[in-house]
Amino acid sequence: MDSITRWAGALCFAAVGCTAFQILAPKKGMGKIFRLLTAAFFLCCLASPLLSVKSIIKIDFKNLPRVASTYDIQEKVKEQFKSQVNAALELTARQTLSEQNIELGKIEANIDIDEDSRIYINGVVLYLDKQSRSMSLTAEQLMEERLGVDVTVMIIE
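Residues numbered from 1 in each chain as written. Predicted model: local features only at pLDDT ≥ 70, side-chain atom pairs only at ≥ 80, totals over all residues. Heavy atoms only, no water.

K.L.:
Would you mind showing me how to read the overall build of the protein chain here?
P.N.:
Helix and strand counts for the protein chain stand at four helices and three strands. Reading the secondary structure of the protein chain in the N-to-C direction produces α-α-α-β-β-α-β. Here the analysis covers contacts within the protein chain between residues at least 6 apart in sequence; of these, 53% occur between residues at least 24 apart. Working note: accessible area of the protein chain is about 12,200 Å², and carbon and sulfur atoms make up 61% of it. (Helix = DSSP H or I, 4+ residues; strand = E, 2+ residues; numbered from the N terminus. Contact = heavy atoms within 4.5 Å. Areas by Shrake-Rupley, 256 points an atom, 1.4 Å probe, with all protein chains shown as cover.)

K.L.:
Explain the side chain of threonine 96 here, please?
P.N.:
Within the secondary structure layout, threonine 96 lies in helix α3 (residues 70–98). According to the relative accessible area criterion, threonine 96 is buried, its value standing at 6%. For threonine 96, the side chain forms a polar contact with the side chain of arginine 146, separated by 3.1 Å. Excluding residues within four positions of it along the chain, threonine 96 makes contact with Leu142, Met143 and Arg146. (Buried < 20%, exposed > 50% of the residue type's maximum accessible area, 1.4 Å probe, protein only. Polar contact = N/O pair within 3.5 Å; in protein donor to acceptor, adjacent residues only side chain to side chain.)

K.L.:
How should the confidence of the model for the protein chain be read in this particular structure?
P.N.:
If pLDDT is low for a region, its predicted coordinates should not be looked at in detail. Overall, the prediction assigns the protein chain a mean pLDDT of 82, with 89% of residues at 70 or greater. Of all helices and strands in the protein chain, the one with the weakest mean pLDDT is helix α2 (residues 30–51) (83), whereas helix α4 (residues 136–147) scores best (87). (pLDDT = per-residue confidence, 0-100.)

K.L.:
When you look at the pattern of salt bridges in this model, what are you seeing that I'm missing?
P.N.:
Where charged atoms from two side chains of opposite charge come close, those side chains can pair. Under the counting rule described, the total for this entry stands at two salt bridges. When the shortest N-O distance is used, the salt bridge between arginine 94 and glutamate 90 registers 2.9 Å. Taken together, the residues span about one helical turn, with arginine 94 and glutamate 90 both in helix α3 at a distance of four residues. A salt bridge links glutamate 108 to lysine 106; its shortest N-O distance comes to 3.5 Å. (Salt bridge = Lys/Arg side-chain N within 4 Å of Asp/Glu carboxyl O.)

K.L.:
It is not clear to me how the sheet that holds strand β1 (residues 104–113) should be interpreted in this structure. Could you clarify?
P.N.:
To summarise the sheet geometry, strands pair through backbone hydrogen bonds and adopt either a parallel or an antiparallel arrangement. Pairing in this open sheet of three strands is mixed, and the strands run β1-β2-β3 from one edge to the other. Each end of this open sheet is capped by a strand with a single partner; those strands are β1 and β3 (151–156). On average, each strand axis in the sheet is tilted by 20° relative to the strand beside it, whichever way the strands run. In the sheet, β1 pairs with strand β2 (residues 119–129) via nine bridges, with the strands oriented antiparallel. Looking across to β2, one finds that asparagine 110 is bridged to glycine 123. Sheet contacts for α3: β1 and β2; angle to β1, the most-contacted strand, approximately 140°. (Pairing = 2+ DSSP bridges. Axes fitted to C-alpha atoms, helices over the stretch in contact; angles between N-to-C directions.)

K.L.:
What am I meant to see in a nonpolar patch on the surface here?
P.N.:
A surface patch of nonpolar side chains, amounting to about 340 Å² of accessible area, comprises Phe21, Leu24 and Phe34. In this structure, phenylalanine 21 sits in helix α1 (residues 2–24). (Patch = residues over 30% accessible without salt bridge, like charges linked within 9 Å, V, L, I, M, F, W, Y side chains within 5 Å.)

K.L.:
Explanation requested: the pairing of β3 in the structure shown.
P.N.:
The side chains of a regular strand alternate between the sheet's two faces. Where β2 lies against β3, six bridges are found, and the strand directions are parallel. Residue pairing for β3: aspartate 129 is matched across the bridge by isoleucine 156. For the crossover that starts at β2, traverses α4 and ends in the parallel β3, the hand is right-handed. (Right-handed = clockwise from strand over helix to strand, strands pointing away.)

K.L.:
How do you make sense of the nonpolar core when you look at a structure like this?
P.N.:
Across soluble globular proteins, you tend to see nonpolar side chains buried next to one another. Within the largest apolar cluster, 16 residues are counted, with the highest numbers of intra-cluster contacts made by Leu97, Leu104, Ile107, Leu126 and Leu128. Ranked by residue count, the leading element in this core is α3, at four residues. (Core = buried A, V, L, I, M, F, W, Y, C linked by side-chain atoms within 4.5 Å.)

K.L.:
What is the right way to look at the packing of α3 against α4 in this model?
P.N.:
Look at α3 against α4: their axes get within 10 Å of each other, and the N-to-C directions meet at 130°. On the basis of their axis angle, the class for α3 and α4 is oblique. The element α3 and its partner α4 pack so that their crossing is right-handed. Mapping the contact onto sequence places Leu89, Thr92, Ala93, Thr96 and Leu97 in α3 and Ala139, Leu142, Met143, Arg146 and Leu147 in α4. (Parallel < 35°, antiparallel > 145°, perpendicular 65-115°, else oblique. Left-handed = near helix turned anticlockwise from the far one by under 90°.)

See below:
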């Protein structure tokens with residue numbers, strides 16, 4: 001706490017000094033450069049405590065992989081594609097089914113991505129709660145019509 005007090009006092013002293021120098025500096029010519037230098041000096045005084053902060057996390061650079069393989073990057077991109085498609089499907093399913101007062105538990109999609117990054121949805125499984133059991137056929141038909149793929153409905157007990 002004492003170091004913060006000392007830093008705040010030094011910051012106030014620097015602010016007063018910089019202000020005095022800026023007032024005394026001429027308005028044109030070298031005065032503009034002098035004002036810029038005093039502003040930079042004040043910013044350095046303001047940021048000086050950050051220079052003494054040590055890294056919180058110790059990183060062992062020896063254990064990091066030197067080169068990421070192309071296969072790993074492609075797999076990561078495919079997983080991100082799949083998660084985005086799943087999120088879009090879930091949003092579409094929730095909106096479509098909520099219009100019919102059908103409560104969606106969760107949705108699972110069978111998604112494939114080929115070498116050209118084309119996405120294929122082979123089928124969708126809807127999980128409905130048991131209160132929506134009587135509406136399962138309606139949900140299946142709505143989602144098949146909306147998505148254009150085979151839909152299977154499962155009831156969560």
